[in-house]
Amino acid sequence: MAVFGPRANLFMTATLVGSFWVGVLLIAAIWVVPLMDYNSQQRFAPDQPVPFSHKHHVSGLGLDCRYCHTSVEQSSNAGMPSTATCMTCHSQIWTNAAMLAPDRTSLAEDKPIRWTRVYGLPDYVYFDHSIHIAKGVGCTECHGAIGDMAITRKAHSLYMSWCLSCHRDPAPHLRPKDQVFNPHWRRTNSTPSPEALLVQYHIKTEALSDCGICHR
Amino acid sequence: MRWRSSTALVIVSMSVAACDNMANQPKLNPYELPFGSQINWPVRPVPHTIARGDPLNPPGPPPVSMALLERGQQRFDIYCSPCHSRLGDGNGMIVQRGFPHPPSYQSDALRNAPNQLFYDVITHGYGVMYSYADRVSPADRWAIVAYIRALQASASASLSDVPAEKRSSLQ
């Protein structure tokens with residue numbers, strides 16, 4: 001009896017080709033998929049109960065971010081506006097607009113609108129809006145050109161590597177205190193240098209990438 | 001036998017650890033539904049309660065200082081200027097888009113109105129104006145009242161009211 005049957009070569013080839021493709025698939029799954037926007041939801045804009053436009057309200061009407069996100073300076077959470085906040089204006093303006101029907105239902109039934117979260121962090125990440133505001137990190141550093149978004153989309157991946165890119169070198173991301181909420185801020189010749197801002201805000205760069213800064 | 005049971009223990013503990021979903025821990029984040037919640041909207045504060053740290057009786061008006069006026073200006077520009085405009089004349093952007101015109105702070109009635117009136121209107125709203133109690137803290141309301149008084153004073157001020165060293169910045 002022969003050790004190798006007549007189809008031994010076929011099995012050998014199939015095994016070699018098969019393991020090659022299994023390897024390719026593994027690399028794709030482990031290495032390529034996390035790099036895809038599909039995985040990080042970057043540039044994705046989920047459907048919302050009301051198609052709220054930051055472009056219209058912020059850039060068009062000139063509302064300050066804090067008009068709706070009231071707790072962003074004191075709290076870890078920026079705060080979502082209550083239905084009453086929407087109705088402050090929309091009880092008088094666009095009162096019959098079809099796209100605002102969920103607002104009116106919410107007010108009539110006394111049930112909050114449930115928005116779909118665009119920026120979500122896992123529970124093992126500690127994040128606080130207020131400290132970033134207090135240290136001169138503008139809204140658009142993380143939320144992108146939010147003032148020009150007709151529909152809110154995720155501007156960055158929120159991967160740890162992205163967080164660290166700023167925590168390891170925060171200076172270029174800082175701006176003067178009165179420009180933090182300006183969605184169209186640009187550095188000019190009269191802006192204090194990044195290094196001067198770093199000193200002004202008392203930011204200790206050597207501690208910013210400690211594990212316990214974000215994982216506590 | 002002993003080797004086998006310890007191996008089993010390692011395998012079991014490793015597989016249990018793999019099931020542990022650290023991304024979704026048993027703790028409540030803002031706006032998150034309580035575990036096993038039967039309702040499908042976030043919990044709101046219990047009626048007739050106040051947040052921890054809030055004073056039972058709101059503070060009275062603080063002494064006027066430059067810091068208070070600057071805080072008042074900042075808060076006024078955020079919450080009031082959309083309708084009342086940065087000048088306080090009631091021609092804000094939202095009014096230009098069809099919101100009913102609020103009275104100007106320069107009217108005789110509002111020039112002679114007590115400070116408490118402005119505080120109360122911010123707290124409870126007035127006419128078509130909604131309450132801002134959830135957006136403007138009591139201390140900030142007094143800061144805004146102080147800034148409204150400054151706006152009223154500035155409208156009828158002349159160059160001689162400005163300190164000599166600052167006049168050049170206006171001319």
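Draft legend 1. Inspection of the side chain of Asp77(B) at higher detail. Looking at the secondary structure, you find Asp77(B) in helix H2 (residues 66–84). Once residues within four sequence positions are removed from consideration, Asp77(B) is found in contact with Pro82(B) and Arg86(B).

Draft legend 2. Main features of helix H5 (residues 83–90) of chain A. Taking burial as the measure, the eight residues of H5(A) include seven buried ones, the bulk of the element. On the buried face of H5(A), the contacting elements are helix H3 (54–60), helix H4 (65–68) and helix H6 (101–109) of chain A together with helix H3 (93–96) of chain B.

Draft legend 3. Up close: the packing of aromatic side chains. By the definition in use, this model includes seven aromatic pairs over all chains. Taking 6.1 Å as the distance between ring centres and 70° as the angle between the ring planes, the aromatic pair formed by Tyr67(A) and Tyr132(B) counts as edge-to-face. With Tyr67(A) in helix H4 and Tyr132(B) in the loop between helix H5 (115–124) and helix H6 (138–155), the pair connects residues from two separate chains. Tyr132(B) shares its class with Tyr67(A); the two are buried. Between Arg216(A) and the ring centre of Tyr126(A), over which it is positioned, the NZ or CZ distance is 4.1 Å.

Draft legend 4. Spatial organisation of the interface of chain B and chain A. With 29 residues of chain B in contact, the opposing surface of chain A contributes 30 residues. Interface of chain B and chain A: buried area, both sides summed, is about 2700 Å²; carbon and sulfur atoms make up 57% of it. Broken down residue by residue, the surface that chain B buries against chain A is led by Tyr31(B), Tyr130(B) and Arg135(B), which jointly contribute 22%. Counting the contacts that link chain B with chain A gives one salt bridge. Of the charged contacts, one joins Arg75(B) and Glu73(A) as a salt bridge, the two residues approaching to 2.7 Å between their closest N and O atoms. At the surface where chain B touches chain A, the tally comes to nine residue pairs in polar contact (both at pLDDT 80 or more). Where the side of chain B that touches chain A is concerned, the elements lending two or more residues are H2 and H3 of chain B. When residues of the side of chain B that touches chain A are assigned to their parent elements, the largest contribution, five residues, is made by H2(B). When its residues are assigned to classes, the side of chain B that touches chain A shows 17 nonpolar, six polar and six charged.

Draft legend 5. Representation of a nonpolar patch on the surface in the model. Residues and elements named next belong to chain A. Taken together, Val22, Leu26, Ile27, Ile30, Trp31, Val32, Val33, Leu35, Met36, Tyr38 and Phe44 make up a surface patch of nonpolar side chains, about 1100 Å² in accessible area. Considering each element in turn, the nonpolar patch owes the most residues, six residues, to helix H1 (residues 8–32). For Ile27, the location among the structural elements is in helix H1.

Draft legend 6. The confidence of the model for chain B, seen in detail. Overall, the predicted model of chain B reaches an average pLDDT of 86, with 85% of residues at or above 70. Looking across chain B, the model is least confident in helix H1 (residues 2–19) of chain B, with a mean pLDDT of 64, and most confident in H2(B), with 97.

Draft legend 7. Up close: the nonpolar core. In this structure, Phe76(B), Tyr79(B), Tyr105(B), Phe118(B) and Ile144(B) are the most contacted members of the largest nonpolar core, which totals 20 residues. Going through the elements one at a time, H4 of chain A together with H2, H5 and H6 of chain B are the ones with two or more residues in this core. Among the elements that take part in this core, H6(B) stands out by supplying six residues, more than any other. Beyond its immediate sequence surroundings of up to four residues, Tyr79(B) is in contact with Arg66(A), Tyr67(A), Thr70(A), Tyr132(B), Arg135(B) and Val136(B).

Here is what the cut-offs are and how they apply
- Residues numbered from 1 in each chain as written.
- Chains lettered and ligands numbered in written order.
- Predicted model: local features only at pLDDT ≥ 70, side-chain atom pairs only at ≥ 80, totals over all residues.
- Heavy atoms only, no water.
- Helix = DSSP H or I, 4+ residues; strand = E, 2+ residues; numbered from the N terminus.
- Contact = heavy atoms within 4.5 Å.
- Buried < 20%, exposed > 50% of the residue type's maximum accessible area, 1.4 Å probe, protein only.
- Phe/Tyr/Trp six-rings, centres within 6.5 Å; stacked < 30°, edge-to-face > 60°.
- Lys NZ or Arg CZ within 6 Å of the ring centre and 35° of its normal.
- Buried area = accessible area lost by both parts, 1.4 Å probe.
- Salt bridge = Lys/Arg side-chain N within 4 Å of Asp/Glu carboxyl O.
- Polar contact = N/O pair within 3.5 Å; in protein donor to acceptor, adjacent residues only side chain to side chain.
- Nonpolar A, V, L, I, M, F, W, Y, C, P; charged D, E, K, R; others polar.
- Patch = residues over 30% accessible without salt bridge, like charges linked within 9 Å, V, L, I, M, F, W, Y side chains within 5 Å.
- Areas by Shrake-Rupley, 256 points an atom, 1.4 Å probe, with all protein chains shown as cover.
- pLDDT = per-residue confidence, 0-100.
- Core = buried A, V, L, I, M, F, W, Y, C linked by side-chain atoms within 4.5 Å.

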